[in-house]
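Notes for the structure review
The lines below spell out each chain.
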Amino acid sequence: PQVVFSGIQPTGTPHLGNYLGLFLPFLKLQRSLPPGIPLYLSVVGLHAITLPQDPKTLAEDRMNMMASLMACGVDPQRTCLFFQEEVPEHAELAWILNTLTSVGKLQRMTTWKSKIATKINASEDNVTQSDLRLGLLAYPVLQAADVLLYKATQVPVGEDQTQHLELTKGIAETFNRKYGPTFPIPKTMIVPSKRILNLRDPSQKMSKSSPNPLSRITILDPPQTILSNLKAAVTDSLPGVTYDPISRPGVSNLLTIWSALDPSNRTPEQLVEECGEWGLGKLKEHVGEVIVESLKGIKEEYERIRSADGFLRSVAKDGREWAGEVAKVTMKEVKQKVGLGPLD
Ligand code: TYM
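Residues numbered from 1 in each chain as written. Predicted model: local features only at pLDDT ≥ 70, side-chain atom pairs only at ≥ 80, totals over all residues.

In the nomenclature of an unreviewed UniProt entry, the protein corresponds to Tryptophan--tRNA ligase, mitochondrial from the organism Tremella mesenterica. Comment text from UniProt for the protein, heading Subcellular location (unreviewed entry), reads "Mitochondrion matrix". (UniProt positions renumbered as here; feature names shortened; annotations may be inferred.)

Encoded structure:
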C-alpha cells in the first residue's frame, strides 16, 4: 500500500524553493491520488531546535507554518497535517533508530559538514567540531523516524534532502535485517526543478537561513517586492537567454522557476525557444510577473487563516489524533520486535 509523507521545519516564512520543491508536488499528489492513499505532512519542531531558536519566535513560526501550508492549498480533510512534537512516538522511534546508525555515516552527511564549515551552531567564539550539538548530528535519524513511523513509501522533497533519505533507506534495511521485515523502503520523489538557487548568489541554494532576505522570495511577499527582487537577481553578462545550469546558473535558475510555474508545463529548453532573443532585463521582469501571478491570493488566505486561532488549533488537534493512532501501532510493533514490548 502507498503512503506519502513529507515534513518542513517551522523556521520562517516558506520561500520559493519550499514552494516549488515541496508544496506544489505535494498539492499535486493531494489532488491526484485516490482517497484511500494516506498523505502526511508534518511541521517538524524537533528538527528546528537542532539549531538555536528563540522560544517565542519558534512558537509563532509553528502556527505560521501551519497557516502557510493551508493557505497554499494543503487540505486538512485530505492530508494529515500535524506538529511532529505533538506525537511523542517520533522521538521514541528516533531513539531506537539511533542504536542502529553509525556515527561515521552521520558525519558524512553534507548538511552536517556544511554546518561545521559555517560553524552555524556556534553559541560561543572559537567553536570546534566537538562543540557542535549531538541533536544536530542525529538530525537525519529523527527524519528517518518521521518517515518510517508511518511506513511511508513515497517522500516528496527538494534535491537537498536526497542524502537524508538515502540514510533513511539504509536504516530501514538495517532494521528489517535485524528484526524481520517491518518497514517498506521509501522512494524519494524529486521534481524536475530540483533545487532553486539563491537570487543573489546562484552558487548557493535558496534558503530560509541565508542572512540576506533579498536572496529569496517568500510566499507572502507583496508583488512590488517580488518584482524588484527579481530585477536585482544576479545573472551574467552574456547576450540572450540560454539554459545552461553549469555555466549560466543565475539565468538557468530563472528559467527553472518559470518552467515550474508554467501553466502549460514547458521545460526550460522549450521556454528558451520563446525567450532566446530576449535581454536578461525582460526575462527577469517576465519571471517576476509569473511568480506574482502564481502566488496571487495566498497572502490574503494566509491572513484569514492565521487570524482564526481556534481553527488552527482544531486542525492541529485532529492531525495529532490521526497521526498518533498510526504512530502508536507502529511503535507497538517496533518495541515488540526489539524486545521492549509489554511484559507478560
Ligand atoms: P526544509 O524545512 O529545509 O524544507 C522543506 C522542503 O523544501 C525543500 N527545499 C527546496 N527545494 C528546492 N529548492 C530549494 N532551494 C529548497 N529549499 C528547501 C526541501 O528539500 C524540503 O523538501 N529535513 C527536512 C524536513 C524533514 C523531512 C522529514 C522531509 C524532517 N523530516 C521527513 C521529508 C521527510 C528539511 O529541513 O526541510
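There is more to say, and it comes next.
Another point: the overall build of the protein. Per the secondary structure count, the protein includes 14 helices and five strands. For 344 residues, the compact-globule estimate of 2.2 N^0.38 gives 20 Å, and the C-alpha radius of gyration of the protein, at 21 Å, lies within 12% of that figure. The principal-axis extents of the C-alpha atoms in the protein amount to approximately 75 × 45 × 40 Å. Burial analysis of the protein (344 residues in total) assigns 38% to the buried set. (Helix = DSSP H or I, 4+ residues; strand = E, 2+ residues; numbered from the N terminus. Rg over C-alpha atoms; globule rule 2.2 N^0.38 Å. Buried ≥ 20, exposed ≤ 12 C-beta atoms within 10 Å, placed from the backbone.)

With that settled, consider unusual backbone geometry. The residue Lys 151 is not glycine, and still its phi comes out positive at about 50 degrees. Mapped onto the secondary structure, Lys 151 falls in the loop between α7 (134–149) and β4 (154–156). Phi is positive for Asn 265, close to 55 degrees, though the residue is something other than glycine.

Along helix α4 (residues 89–98), the residues classified as buried are Glu 89, His 90, Leu 93, Ala 94 and Leu 97. For α4, the arc enclosing every buried residue in end-on projection is 135 degrees, short of the 170-degree limit, so these residues lie on one face. In this structure, the buried side of α4 is in contact with α2 (45–48), α7, α8 (162–179) and α14 (309–338). (Arc of directions from axis to C-beta. Contact = placed C-beta atoms within 7 Å.)

Before going further, it helps to spend a moment on the domain arrangement of the protein. Split into domains, the protein comes out as domain 1 (4–195 + 309–338) and domain 2 (220–298). The distance between the C-alpha centroids of domain 1 and domain 2 comes to 30 Å. Contacts between the two partners involve seven residues from domain 1 and, on the opposite side, six residues from domain 2. At the level of secondary structure, the elements contributing two or more residues to the side of domain 1 that touches domain 2 comprise α1 (16–32) and α3 (55–72). In terms of residues, the side of domain 1 that touches domain 2 owes the most to one element, α1, which gives three residues. (Domains from an automatic or database assignment.)

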